[in-house]
Amino acid sequence: MAHLDRTNSSVPQIELPESDGRPAWNSKLQYILAQVGFSVGLGNVWRFPYLCQKNGGGAYLVPYFILLLLIGIPLFFLELAVGQKIRRGSLGVWNYVCPRLGGIGISSLMVCGFVGLYYNVIIGWSIFYFFQSFQQPLPWSECPIRRNGTFAFVEPECEKSSATTYFWYRQTLNTTSTIAESGGLNVKMTVSLLVAWIIVCLAVIKGIASSGKVMYFSSLFPYVVLFCFLVRGLMLKGSVDGIAHMFTPKLEKMLEPQVWREAATQVFFALGLGFGGVIAFSSYNKIDNNCHFDAVLVSVINFMTSILATLVVFAVLGFKANIMNEKCVTENSEKILGYLNANVLSHDLIPLHVNFSQMTVTDYAEVYGVIKTVKEGGFADLGLDQCLLEDELNKSVQGTGLAFIAFTEAMTHFPGSPFWSVMFFFMLINLGLGSMIGTMTGITTPVLDAYKVKKEYLTVGCCIVAFFCGLLFVQRSGNYFVTMFDDYSAGLPLTVVVILENVSVAWIYGTKRFMQDLEDMLGFRPYSFYFYMWKYVSPLCLIVLITATVIEMAISPPGYNAWIQELVSTPVDIASLIFSLTLPLPLSLTMLLQCVDMRSYFIRSFSGHDHQSRLKCK
């Protein structure tokens, strides 16, 4: 322990920087909205509801909330405090603590770059759907009709799937059958991506002077839309079924390790930890700002937004499930009627009160049960579906499948569907824009701190380079690359970045010294709870999370769902492990070199043979 104390003393106390003319937020509200806009993103709308459904409904909220307290709020508070105290971006913060920790900031900046490349593509997709929504009827409401002379027929590819699925894969993405087949650039998506980058560039070109004003709208407008959708959704038939299904707790799920791993991952990414955006935004605060209050407030807002989005999603999906179930009943009733007319089934099997022209779900369940009992041997040959509402509600969907297929299909059944479609995709654009502003700030702020370059030139240059790099994602095979980057480019590297941040503050700089710095900065000493979280609990949780993630990557073969025209859709297993590991490789290598450097540094410090080296760490 004496060695540890000696090592900590070799890293100098963080001193309050003198006034450096750094830009500042116009108000506390503007800053809070910026942090909320960055942390509340597309994942709150299409990832959290899926995880909640998959992992036990209401029971999933218990591990999520526990892990929010154990790793979410403490680490969010740590990033806010470090950024506010040192008043620099992610690269400058760790260089300031000790130059040998600079690799953490570099890694964070690189992950921001990877994520920003594909995240803005999703905004581009939303922009395309937004403009397509100004039509009546919506272009994805029905399958297209093809003509061969005087003969008209429904597009076979659409008939095998659905109108919304066909519009997404064929008319929007025009996707290829494999990731290896480029197919060339998709012009519509290329233009959409260009528009997305122009919007992001204009939002961040003046730094927080421009992005802060944008946040007033982009952070608040999604809540207006979510509340409107919630009110409208609750008025739809079947919405209560969806919400009840969503929050019915399956308590046995809480005992599964996978549920806790996915809850920890969602907490981790929901708050935007490790990207550098949190540190960058906080660095523009006044030195005595109560960042502890900010950490708790933003975390609670983020959590409540996820709950609100889940209510909205499953109110609407409950409505869609009822429509699909009634359609199933109608189609199977026609089958039964056909069997009755062909004398395959006896009319005596049908209860007298059943009316085939107005078959209810209850009546169909009764008829189905009778036929299944009587025709036990040949029942399978009849090809009848049970048409259970529970089966429709159990069809889990997430990500682009939720936003651009399932939710879009549900909106086609709304009265005034174009209006709701415009509102929905405009909300997605604003959610994505808030996150992109934070991501771009996480990239530009460290560079502006380190080099004397004009903010406008740097921003425009970054956006131009990012647009051309992003052309990878707007090929006809681009959707597959978006999926691969989303799965592998950020998860593990970000987790490693955050655990290194945690260890750097708690074990290298020293938790006691950091608590004292916070007391000097805030005017009060934070709860001892944070001391133990930072020093023991959070690092342990992150180590377990990293281990579980590596094991999951090793035992689960990487793959993607390919849209094959003849088969409509099929999962494809590919040897993409090399690809998945190639993306984090520069980050891991950077951090490995830093760790080796730090290890030798501490060995010299322990032995007392490198006094000069220790004095340089300032």
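Residues numbered from 1 in each chain as written. Predicted model: local features only at pLDDT ≥ 70, side-chain atom pairs only at ≥ 80, totals over all residues. Heavy atoms only, no water.

Per an unreviewed UniProt entry, the chain goes by Transporter and derives from Gadus morhua. Taken directly from UniProt, the Subcellular location (unreviewed entry) text for the chain runs: "Membrane". On record in UniProt, under Sequence similarities (unreviewed entry), the comment for the chain is "Belongs to the sodium:neurotransmitter symporter (SNF) (TC 2.A.22) family." (UniProt positions renumbered as here; feature names shortened; annotations may be inferred.)

Okay, the overall build of the chain next. Check the secondary structure of the chain and you find 28 helices and four strands. When each of the 618 residues of the chain is scored for burial, the buried share is 55%. The long-range share in the chain, meaning contacts at least 24 apart out of those at least 6 apart in sequence, stands at 81%. Accessible surface computed for the chain: about 26500 Å², of which carbon and sulfur atoms make up 64%. (Helix = DSSP H or I, 4+ residues; strand = E, 2+ residues; numbered from the N terminus. Buried < 20%, exposed > 50% of the residue type's maximum accessible area, 1.4 Å probe, protein only. Contact = heavy atoms within 4.5 Å. Areas by Shrake-Rupley, 256 points an atom, 1.4 Å probe, with all protein chains shown as cover.)

The feature "binding site: Na(+) 2" (unreviewed entry), as given by UniProt, occupies Asn44 in the numbering adopted here. When you line up the elements, Asn44 lands in helix H3 (residues 42–46). When neighbours within four sequence positions are excluded, Asn44 is seen to be in contact with Ser39, Pro49, Asn302, Ser306 and Ala309.

Looking now at the side chain of Gln84. By the element assignment, Gln84 lies in helix H5 (residues 61–86). Once you skip the residues sitting within four places of it in the chain, Gln84 turns out to touch Ser282, Ser283, Asn285, Lys286, Ile287, Asp288, Asn289, Cys291, Met521 and Leu522.

This next bit is on the pairing of strand E1 (residues 145–148). Note: E1 against strand E2 (residues 151–154), four bridges, orientation antiparallel. Among the inter-strand pairings, Asn148 is bridged to a residue of E2, identified as Phe151. If you look at the hairpin formed by E1 and E2, you'll find two residues sitting between the two strands, and Gly149 has a positive phi there, around 70 degrees. (Pairing = 2+ DSSP bridges.)

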